[in-house]
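Residue strings, one per chain:
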There are 2 protein chains.
Amino acid sequence: MIRSAAMETGNRGEGKIVADHTQRIVLAHGGGGQLTDELIERRVLPRLGNNVLNELLDSAILRNIPACDLAMTIDGYVVQPWKFPGGDIGRLSVSGTVNDLAVSGAEPLGLALSFILAEGFAGKDLDEIVNSIAQTAAEAGVKIITGDTKVVGRGQADGIYIVTSGVGRVRRDAKVGPSRVKPGQKLIVNGAVGEHGLAVMLTREMPEVTSVLRTDAAPLNKLIAKVLDAVGTGVTFMRDPTRGGLAGLCSDLAKQSAQRVTLNEVAIPIRSESRHAAEMLGLDPLEIANEGKVVMAVEAEVADRVMEILRNDPLGVAASVIGEIGTEADGRCEILTEIGGRRVLQKPYGEQLPRIC
Amino acid sequence: MIRSAAMETGNRGEGKIVADHTQRIVLAHGGGGQLTDELIERRVLPRLGNNVLNELLDSAILRNIPACDLAMTIDGYVVQPWKFPGGDIGRLSVSGTVNDLAVSGAEPLGLALSFILAEGFAGKDLDEIVNSIAQTAAEAGVKIITGDTKVVGRGQADGIYIVTSGVGRVRRDAKVGPSRVKPGQKLIVNGAVGEHGLAVMLTREMPEVTSVLRTDAAPLNKLIAKVLDAVGTGVTFMRDPTRGGLAGLCSDLAKQSAQRVTLNEVAIPIRSESRHAAEMLGLDPLEIANEGKVVMAVEAEVADRVMEILRNDPLGVAASVIGEIGTEADGRCEILTEIGGRRVLQKPYGEQLPRIC
């Protein structure tokens, strides 16, 4: 809850925004007193404010929600560094949470944000992150409806952590889940994989290397809505290949559906820059986290239509049919390699890439 | 999301729970791979599992929610130390989030939990916290429906942070908010104030002192439901006096309602042990956080009925009418002191008690 900011916030208006870039976060900014109010009023509300958030109650109230199935998700973001090519922890936190709702077939109703800040964190950095949250939320067309701020000691929390929760309304025409995945269905991804994790790892581990790789972090709810509008239950499964990457997703899908998942290596879009970076870092691009990708299983007869929709959207121009569901029903995930072999794709064991989301 | 635990969890059942108390959290427990699955399967699901959580999807799905106003809240918990007399960070995180929903007039539909763990955190400590979460959720009659786990470096995150989000359905007979607070209404609190913050501060700052003080952290949703069942819109305002304490709550209420709030010092329940502890620590008990208290404004004609209900519940035995709304309508909060004087109650400026929630 961020209820403690005083009521007059609305009246003071934007004239009050004094961008004090030299200011740093102090413990008292998390104390729930006047300084917390000031932080919310000066740094948060002017950028994220809306009719629900501005009420600053113990709970945000979303009025007149019709009868529905409700989706809820939560994710913690502890990425290091908090800023990387193409994005930052703010963009990541909104995209990740919106995408978790969207791949569940839900339209986001609102997001809740919890900031954990270290004493000494720069006010201008917080402003940059809040701006990024505002921009990403606008892209997704979703509101931040409530939040909380805590401040911990200097040197704790790596500067900033953000935990984002989201609620959404499940579309009535969305029926997705591993149990609907059946032989003959096609697997589609909306673009090249591996770029988020690689962009973060290069920034952190090899700052001397110049690379064109940028995070793919983006909210996919509008793209997914277009596909569902067109083919509805023709989509049988959706998931975002974050931690564990495409390999983790597909091996989980095989297990959970008890179906054979077969990927076609040459069809998996990967930039050559990603291959090189992964090789330098000793990583497999298929195991690397993405933050703007969705893998869909679709009925074979709608695959062309889905591909057309994806490719006509900036977030899907490099979409590809990457595999299909086989008839073996053995819960295995295999990949057909470029040279014509087959290998089993396993779920990564532990932490291939620490702290990339 | 904690979707990555494999499907067979349900089949393995409780026989698989090996309480390896020597085990410590490693970075890979947060990597989204097999080790994350194992953490969820062995340490979380056996204690918190339910039909929604066990599906481990990207989003939890709550089916067939009727048309309603929806409440959503989020709070980060960074209390130090994580265990203190009468409770721990787990009890706190569930109570605080349930109470934020309840004081908004909402019945909780489900909670989402995000763990941020430091590498090296003891598995047995995590087990203890998860058990405490399970017990508190059972007291409240609310389910943990989704979650997330991240692991950060050794020495970060003070061992453990928990962020909890909750969604609830607003009761149709609940109409609470500062705008409904009017002259003549009574202010009621369900028991003695100051004990949570003092119990934590004594543990942290004066471990050599033995005290009977314990946290009051408790979920109040059932108590509040009893009151609303009986008097409905006779309750005009509710809030939990957490950070900023009773003083912060009442000064905010005066401002937000633009009414005069008058507290009667002798009527405010405070244990003598709390007075002594506050004196030792140089603190004002009225500014200290509570985690099992609610302040209600009620129409004068239902005050006796509300007091009767509260006093017949273990969580309200020490309930008291602590003040009323005056006719001055000046947005000030005054307190009538024991010796017959009057002073203005101000909102605490910053962090009187760092890291107590």
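Reading the values: the criteria
Throughout this document, residue positions are counted from 1 along each chain, in the order its sequence is written. Chain letters start at A and ligand numbers start at 1, both assigned in the order the entries are written. Local features in a predicted model are, by the rule used here, given only for residues with pLDDT of at least 70; side-chain atom pairs are given and counted only at 80 or more, and totals for whole chains, interfaces and linings are based on all residues. Side-chain descriptors were evaluated using all non-hydrogen atoms of the structure, hydrogens and water having been removed beforehand. We call two residues contacting when some pair of their heavy atoms lies within 4.5 Å. Buried area is understood as the total, over both parts, of accessible area removed when two parts are fitted together, assessed with a 1.4 Å probe. The rule for a salt bridge is simple: a side-chain nitrogen of Lys or Arg has to be within 4 Å of a carboxyl oxygen of Asp or Glu. Within 3.5 Å is the distance limit for a polar contact, defined as a pair of N or O atoms, with the added protein rule that one can donate a hydrogen and the other accept it, and that residues adjacent in sequence qualify only through two side-chain atoms. Starting at the N terminus, helices and strands are each numbered in turn, a helix being any DSSP run of H or I of at least four residues and a strand any DSSP run of E of at least two. Gly is put with the polar residues, along with every residue not named as nonpolar or charged; the nonpolar set is Ala, Val, Leu, Ile, Met, Phe, Trp, Tyr, Cys and Pro, and the charged set is Asp, Glu, Lys and Arg. For two strands to pair, DSSP has to find at least two bridges joining them. For this analysis, a nonpolar core means a set of buried residues of the types Ala, Val, Leu, Ile, Met, Phe, Trp, Tyr and Cys, connected via side-chain atoms within 4.5 Å. Exposure is judged per residue with a 1.4 Å probe applied to protein chains only, and the accessible area is read against the type maximum: over 50% gives exposed, under 20% gives buried, and values in between give partly exposed. Boundary definitions for the domains trace back to an automatic or database domain assignment. In this comparison the copies share one frame, found by least squares on the C-alpha atoms of residues holding pLDDT of at least 70 in both. Residue count minus one, scaled by 1.5 Å, sets the expected span of a helix. Helix axes are fitted to C-alpha atoms over the stretch in contact, other axes to C-alpha atoms as well, and angles between N-to-C directions run from 0 to 180 degrees.

Section: the interface of chain A and chain B
- Taken together, the 83 residues of chain A in the interface contact 83 residues of chain B.
- Carbon and sulfur atoms make up 53% of the surface buried where chain A meets chain B, a total of about 6,800 Å² over both sides.
- Along the contact surface separating chain A from chain B lie 10 salt bridges.
- Taking the shortest distance from any N to any O, the salt bridge between B:K150 and A:D75 comes out at 3.7 Å.
- Our count for the chain A to chain B interface comes out at 41 residue pairs in polar contact (both at pLDDT 80 or more).
- At 9 residues, the largest contribution of residues to the side of chain A that touches chain B is made by strand β2 (residues 68-77) of chain A.
- Within the side of chain A that touches chain B, the residues separate by chemical class into 39 nonpolar, 25 polar and 19 charged.
- The pairing of strand β1 (residues 60-65) of chain A with strand β2 (residues 68-77) of chain B spans 4 bridges and is antiparallel. Along β2(B), the bridge assignment pairs A:A60 with B:M72.

Considerations on the nonpolar core
- Judged by nonpolar contacts, the single largest core of 49 residues is most densely connected at B:L48, B:F115, B:L126, B:I133 and B:I160.
- Only α2 (34-48), α3 (89-102), β5 (106-118), α4 (123-140), β6 (144-152), β7 (160-170), α5 (195-205) and α8 (272-281) of chain B provide two or more residues apiece to this core.
- By residue number, the principal contributor to this core is α4(B), which donates 7 residues.
- With sequence-adjacent residues up to four places away left out, B:I133 is seen in contact with B:L48, B:G90, B:S93, B:V94, B:L113, B:F115, B:I144 and B:I162.
- In this structure, A:I133, A:V151, A:V200 and A:L283 belong to the second largest nonpolar core, which totals 48 residues.

What to know about unusual backbone geometry
- In this chain, A:Q80 is followed by A:P81 through a cis amide linkage whose omega measures -5°.
- Its location among the elements puts A:P81 in the loop between β2 and β3 (83-84).
- Look at B:N64: it is not a glycine, yet its phi comes out positive at around 55°.
- Secondary-structure assignment places B:N64 in strand β1 (residues 60-65).
- In this structure, B:A258 is a non-glycine residue whose phi angle is positive, near 60°.
- In this fold, B:A258 is placed in the loop between α7 (245-257) and β10 (261-264).
- Exposure remark for B:A258: the relative accessible area of 40% places this residue in the partly exposed category.

Some thoughts on the domain arrangement of chain A
All names here are of chain A.
- Segmentation of chain A into domains returns domain 1 (16-170) and domain 2 (178-344).
- If you average the C-alpha positions of domain 1 and of domain 2, the two centres end up 28 Å apart.
- Each side of the interface is counted separately: domain 1 has 24 residues, and domain 2 has 22 residues.
- For the pair domain 1 and domain 2, the two sides together bury roughly 1,800 Å², of which 62% comes from carbon and sulfur.
- At the boundary of domain 1 with domain 2, the tally comes to 0 salt bridges.
- Where domain 1 touches domain 2, the interface holds 9 residue pairs in polar contact (both at pLDDT 80 or more).
- The set of elements that each furnish at least two residues to the side of domain 1 that touches domain 2 consists of β3, α3 (89-102) and α4 (123-140).
- By residue number, the principal contributor to the side of domain 1 that touches domain 2 is α3, which donates 8 residues.
- The residue inventory of the side of domain 1 that touches domain 2, partitioned by class, reads 11 nonpolar, 9 polar and 4 charged.

Quick word on the relation of the copies chain A and chain B
- Least-squares fitting of chain A to chain B yields an RMSD of 0.0 Å, with the superposition described by an axial translation of 0.0 Å and a rotation of 180°. Taken together, the rotation and translation relating the two chain copies correspond to the operation of a two-fold axis. Rotation axis and chain A: the residue whose C-alpha lies nearest the axis is A:A67, separated from it by 2.0 Å.
- By residue overlap, the copies meet face to face through one surface: 100% of the interface positions of chain A are interface positions in chain B.

Some thoughts on α2(B)
Residues and elements named next belong to chain B.
- With 15 residues, α2 should reach 21 Å at 1.5 Å per residue; the first-to-last C-alpha distance of 20 Å fits that figure.
- Counted residue by residue, α2 has 11 buried out of 15 residues, so it is predominantly covered.
- Turning to α2, its buried residues number three or more, namely L35, T36, D37, L39, I40, E41, R42, R43, V44, L45 and L48.

What about the sheet that holds strand β11 (residues 295-298) of chain B?
Residues and elements named next belong to chain B.
- What the 7 strands build is an open sheet, ordered β9-β11-β8-β12-β10-β13-β14; its pairing is mixed. In this open sheet, the two edge strands, each paired with only one partner strand, are β9 (235-239) and β14 (342-344). Each strand axis lies, on average, 25° off the axis of its neighbour in the sheet, ignoring direction.
- Pairing between β9 and β11: 4 bridges, direction antiparallel. When the bridges of β11 are listed, R239 appears paired with V295.

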